[in-house]
Amino acid sequence: MGTLFVVATPIGNMEDLSPRALRVLREVDLIAAEDTRPTGAMLRRLGITTTLLSNHGFNERARVGRFLEALERADVALVSDAGTPAVSDPGAILVRAAVEAGYRVAPIPGPSAVLAAVSASGLVDGPFTFLGFLPRPSGERNQMLEDSLATGFPLVLFETGPRIARLAELLAERAPDRAVAVFRELTKLHEESIHAPAHDLPDRLAEATLKGEFVLVVGAGTTSIEGNPDEAIRAMLARGERPSDIARVLAKQFERPRSELYERVLELQLDSSNA
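Residues numbered from 1 in each chain as written. Predicted model: local features only at pLDDT ≥ 70, side-chain atom pairs only at ≥ 80, totals over all residues. Heavy atoms only, no water.

**Focus on the sheet that holds strand S6 (residues 129–133)**
Each strand in a sheet pairs with another by means of backbone hydrogen bonds, the pair being arranged parallel or else antiparallel.
Phase 1: Strand order in this open sheet of 5 strands is S6-S7-S10-S8-S9, and the pairing throughout is mixed. Across the chains shown, the open sheet's two edge strands, defined by having one partner strand only, are S6 and strand S9 (192–197). Strand-to-strand twist across the sheet, computed as the mean angle between neighbouring axes with direction ignored, equals 15 degrees.
Phase 2: Relative to strand S10 (residues 213–218), strand S7 (residues 155–160) runs antiparallel, the two sharing 6 bridges. (Pairing = 2+ DSSP bridges. Helix = DSSP H or I, 4+ residues; strand = E, 2+ residues; numbered from the N terminus. Axes fitted to C-alpha atoms, helices over the stretch in contact; angles between N-to-C directions.)

Structure representation (structure tokens):
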């Protein structure tokens, strides 16, 4: 019985590939790749000839069976185009299936755009909320952002060049005083960063290059109802967070007993299920 290795690969600089990741990619029998073209180019550069099979958003469910069959015989590696798989990228379906089938799943940690941005932002020293890419429909997009801002926690978001200006406008409207760090093309040759309050962000981006991939870190703010954790609880429940985790995090923020908050989380969870 094989192991599914979840392998982090460079997000822009090949020197960030760990020796362990390099060895695993050489030794496994099969690599599940989000896109075989960039992964294939990386492997050729490294002199690796391991077989590739695509595992992207359009075929991930259909391919699970083939990867599980491969795991019966040997080890398999899961990679995304860049960074850590299954973080706003395909992979979670395969990982979940492997766990449920009884296979060992082993992370090979390494490059992550999320952690790279958080560490260089200077805006996060505790819990934060990772949103990935916001939904495309404007109503869903605005609601998710509003609910997340209401918790008061720092936020981390992904965005593309064509849509970054609109996101900056939304942040300027809804959280003008919160500090924001914007990173473009992290670890790549033309890496850039902007640090500014949200109300200045649209003007700063108007002078910047809006090509490539962006990571935004939005600093902490206040909750929408000072002293009342209900809005934060509802937003965290909507994201699927566990009641015990919600109570633990908010107990510190609101300086309230964890047991009291846990009971309130369960009450609001029941209310939402009966609505």
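Further notes follow.
**A few points about the sheet that holds strand S2 (residues 30–33)**
Phase 1: Taken together, 5 strands build an open sheet; the order of strands is S3-S2-S4-S1-S5 and the sheet is parallel. Only two strands of the sheet have a single partner each, and these edge strands are strand S3 (51–54) and strand S5 (104–108). Neighbour to neighbour, the strand axes of the sheet diverge by 25 degrees on average, direction disregarded.
Phase 2: Pairing geometry for S2 and S3, over 4 bridges, is parallel. From the neighbouring strand, Leu30 faces S3, where its bridge partner is Thr51.
Phase 3: The strands that helix H3 (residues 60–73) touches are strand S1 (3–7), S2, S3 and strand S4 (76–79); relative to S3, the one it contacts most, it runs at about 150 degrees. (Contact = heavy atoms within 4.5 Å.)

**Notes on the packing of aromatic side chains**
Aromatic ring pairs are described here by two measures, namely the spacing of the ring centres and the angle between the planes.
Phase 1: A complete count under the given rule lists 2 aromatic pairs for this structure.
Phase 2: With 5.2 Å between their ring centres and 70 degrees between their planes, Phe130 and Phe158 make a pair best called edge-to-face. With Phe130 in strand S6 and Phe158 in strand S7, this pair connects stretches of sequence that are 28 residues apart.
Phase 3: With a centroid separation of 5.5 Å and an interplanar angle of 65 degrees, the aromatic rings of Phe133 and Phe158 are classed as edge-to-face. Taken as a pair, Phe133 in strand S6 and Phe158 in strand S7 lie far apart in primary sequence, 25 residues in all.
Phase 4: Note on Phe158: relative accessible area 11%, which makes it buried.
Phase 5: The rings of Phe130, Phe133 and Phe158 are connected pair by pair, giving a single aromatic cluster. (Phe/Tyr/Trp six-rings, centres within 6.5 Å; stacked < 30°, edge-to-face > 60°. Buried < 20%, exposed > 50% of the residue type's maximum accessible area, 1.4 Å probe, protein only.)

**Focus: the pattern of salt bridges**
Phase 1: Here the structure, examined in full by the defined rule, presents 15 salt bridges.
Phase 2: A salt bridge links Glu27 to Arg23; its shortest N-O distance comes to 3.0 Å. With Glu27 and Arg23 both in helix H1 (residues 19–27), this residue pair falls 4 residues apart, about one helical turn.
Phase 3: Take Arg23: its relative accessible area is 39%, and that puts it in the partly exposed class.
Phase 4: Among the ionic pairs, Glu173 bridges to Arg166, the shortest N-O distance being 3.8 Å.
Phase 5: Overall, the relative accessible area of 37% leaves Arg166 in the partly exposed class.
Phase 6: It is possible to trace a salt-bridge network through shared partners that takes in Glu146, Arg166, Glu169, Glu173 and Arg174. (Salt bridge = Lys/Arg side-chain N within 4 Å of Asp/Glu carboxyl O.)

**What about the pairing of S7?**
Phase 1: With 5 of 6 residues buried, S7 lies mostly within the body of the structure.
Phase 2: Where S6 and S7 come together, 4 bridges link them in parallel fashion. If you follow Thr129 over to S7, its bridge partner there is Leu155.
Phase 3: Of the crossover connections in this fold, the one passing from S6 over helix H6 (residues 138–150) to the parallel S7 is right-handed. (Right-handed = clockwise from strand over helix to strand, strands pointing away.)

**Structural notes on the environment of Tyr262**
Phase 1: Note on placement: Tyr262 falls in helix H11 (residues 258–274).
Phase 2: Distance from Tyr262 to Arg248, taken between C-alpha atoms, is 8.1 Å for residues 14 residues apart in sequence.
Phase 3: Filtering out sequence-adjacent residues up to four positions away, Tyr262 remains in contact with Pro243, Ser244 and Ala247.

**Concerning the layout of surface pockets**
Phase 1: In this model, the largest pocket occupies a volume close to 550 Å³.
Phase 2: Residue lining of the largest pocket: 25 residues in total, with Ala82, Asp89, Ala113, Phe158 and Glu213 positioned closest to the centre.
Phase 3: Contributing elements (two or more residues each) for the lining of the largest pocket: helix H5 (113–121), S7, strand S8 (179–184) and S10.
Phase 4: Looking at which element gives the most residues to the lining of the largest pocket, the answer is S10, with 3 residues.
Phase 5: Of the residues assigned to the lining of the largest pocket, the class counts are 12 nonpolar, 5 polar and 8 charged. (1 Å grid on protein atoms, 1.4 Å probe; cavity = no way out; pocket = protein on both sides within 12 Å on 5 of 7 lines; lining within 4 Å. Points joined across faces, edges and corners; volume = space filled by probe spheres on them. Nonpolar A, V, L, I, M, F, W, Y, C, P; charged D, E, K, R; others polar.)

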